[in-house]
Amino acid sequence: MAIKLVLTDIDATILPRGEREVSARTVRAFNQALDAGLVVGPASGRGYAWIPAFFGEDARCCATALATNGLQIYSAGEKILERTLPRAALMQMREIVAETPGAGLLCFDEVRPLLVEGAVEDLAPIFPAYAQSCVPVDDVPASPVVKANVFMGGDASKTTALVARLNEEVCEVDVDRALPHFSNVMPRGWNKGTALVWLCGHLGIAPEEVVVFGDADNDLPLFAHVPHSVAVANATPEAARAARWHIGSCEDDAVAQALEVLASGGWPFEG
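1. Considerations on empty space enclosed by the protein
In total, this model carries 1 cavity of 30 Å³ or more according to the counting rule given. Taken as a whole, the largest cavity holds about 180 Å³ of empty space. Counting only elements with at least two residues in the lining of the largest cavity, the list comes to β10 (173-179) and β11 (182-187). Of the residues that constitute the lining of the largest cavity, the class distribution is 6 nonpolar, 5 polar and 6 charged.

2. Some details on unusual backbone geometry
Of note, the phi angle at A76 is positive, near 55 degrees, even though the residue is not glycine. Mapped onto the elements of the fold, A76 is located in the loop between β4 (72-75) and β5 (78-82). Positioned with a positive phi, E110 is a non-glycine residue whose angle comes to about 55 degrees. For E110, the location among the structural elements is in the loop between β6 (103-109) and β7 (112-117).

3. Structural notes on the pairing of strand β12 (residues 210-214)
The element β12 is largely enclosed, with a buried count of 5 among its 5 residues. Residues V210, V212 and G214 line one face of β12 and the alternating positions V211 and F213 line the opposite face, and both faces are buried. As paired strands, strand β1 (residues 5-8) and β12 are joined by 4 bridges and run parallel to one another. Paired with V6 across the bridge in β12 is V211. Here β12 runs beside strand β13 (residues 228-231); their pairing, made up of 4 bridges, is parallel. Paired with V211 across the strands is H228, a residue of β13.

4. Notes on the side chain of D253
Note that D253 resides in the loop between β14 (245-246) and α10 (254-263). This buried residue, D253, is left without a salt bridge; R25 holds the nearest opposite charge, at 5.1 Å. Non-local contacts of D253, meaning those with residues more than four positions away in its chain, are made with S23, R25 and T26.

5. Things to note about the pattern of salt bridges
Evaluated as defined, the whole model comprises 14 salt bridges. Here E99 makes a salt bridge to R165, at a shortest N to O gap of 2.7 Å. Note that E99 is positioned in the loop between α3 (87-98) and β6 and R165 in helix α6 (residues 156-169), a separation of 66 residues in sequence. Looking at E99, the relative accessible area reads 52%, which means it is exposed. One network of salt bridges, with partners in common, ties together R87, R94, E117 and D139.

6. A look at the sheet that holds β14
One open sheet accounts for 5 strands, arranged β2-β1-β12-β13-β14; its pairing is parallel. Strand pairing shows two members of the sheet lacking a second neighbour, β2 (39-42) and β14, which therefore form its edges. Packing against the sheet, α10 makes contact with β1, β2 and β12, and its axis sits at approximately 175 degrees to β1.

What counts and how
Residues numbered from 1 in each chain as written. Predicted model: local features only at pLDDT ≥ 70, side-chain atom pairs only at ≥ 80, totals over all residues. Heavy atoms only, no water. 1 Å grid on protein atoms, 1.4 Å probe; cavity = no way out; pocket = protein on both sides within 12 Å on 5 of 7 lines; lining within 4 Å. Points joined across faces, edges and corners; volume = space filled by probe spheres on them. Helix = DSSP H or I, 4+ residues; strand = E, 2+ residues; numbered from the N terminus. Nonpolar A, V, L, I, M, F, W, Y, C, P; charged D, E, K, R; others polar. Buried < 20%, exposed > 50% of the residue type's maximum accessible area, 1.4 Å probe, protein only. Pairing = 2+ DSSP bridges. Lys, Arg positive; Asp, Glu negative; His and termini not counted. Salt bridge = Lys/Arg side-chain N within 4 Å of Asp/Glu carboxyl O. Contact = heavy atoms within 4.5 Å. Axes fitted to C-alpha atoms, helices over the stretch in contact; angles between N-to-C directions.

Below, the structure written as structure tokens:
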């Protein structure tokens, strides 16, 4: 069956750590695939407002997108679905985070990270870009929140313990780890995978016609919903085990290489 839809995580999948834009080769590969008739786009924990800049403002590359772990879905350049996080759940999370040394909670106002709880100095080594631009606030925003993240410094096992506690005690949301010390917050039962299913229904595309690329634990729901899941070489052990196919590293433009082959009508995966 021919592939019709390709979605890829951004951070550490097509965007190396510390870089502000994906490579020129990646942008070219996206456009080659689009020119070949494939639907291609990012599936990221980043809010949509952040995403075009990663592609050098080439809006075509992100006209289709699952942003904020699927809480925002875009197709043909239009937002077709957006979900928000329950404020009561965020307030409950804040109480738990506040009593956890080294932990913090971010809520986003479009592109601005709002530091609801925690210290900038704890956030800085975990997510420098957010530390540089965050604005400390006194409370969870009263306006609807689409994107929220929990961070936790120190030993990674402490993040694991905090995530487990949040998932056990805050029943309206799911928390997963995008990075060893940085976690995403989603409405309970909603993630990249359920968003992919929704998008496929909207586009009339079967799971067998989809390829997804990723590197981290928040990509596991994507991998679970399609037969053609692909992990980059720098993926977490959990993501690598879950993927059907394996390619080179983010730093080597492995996703761009695979897209070039798919755009030419070939099949880039083996073994």
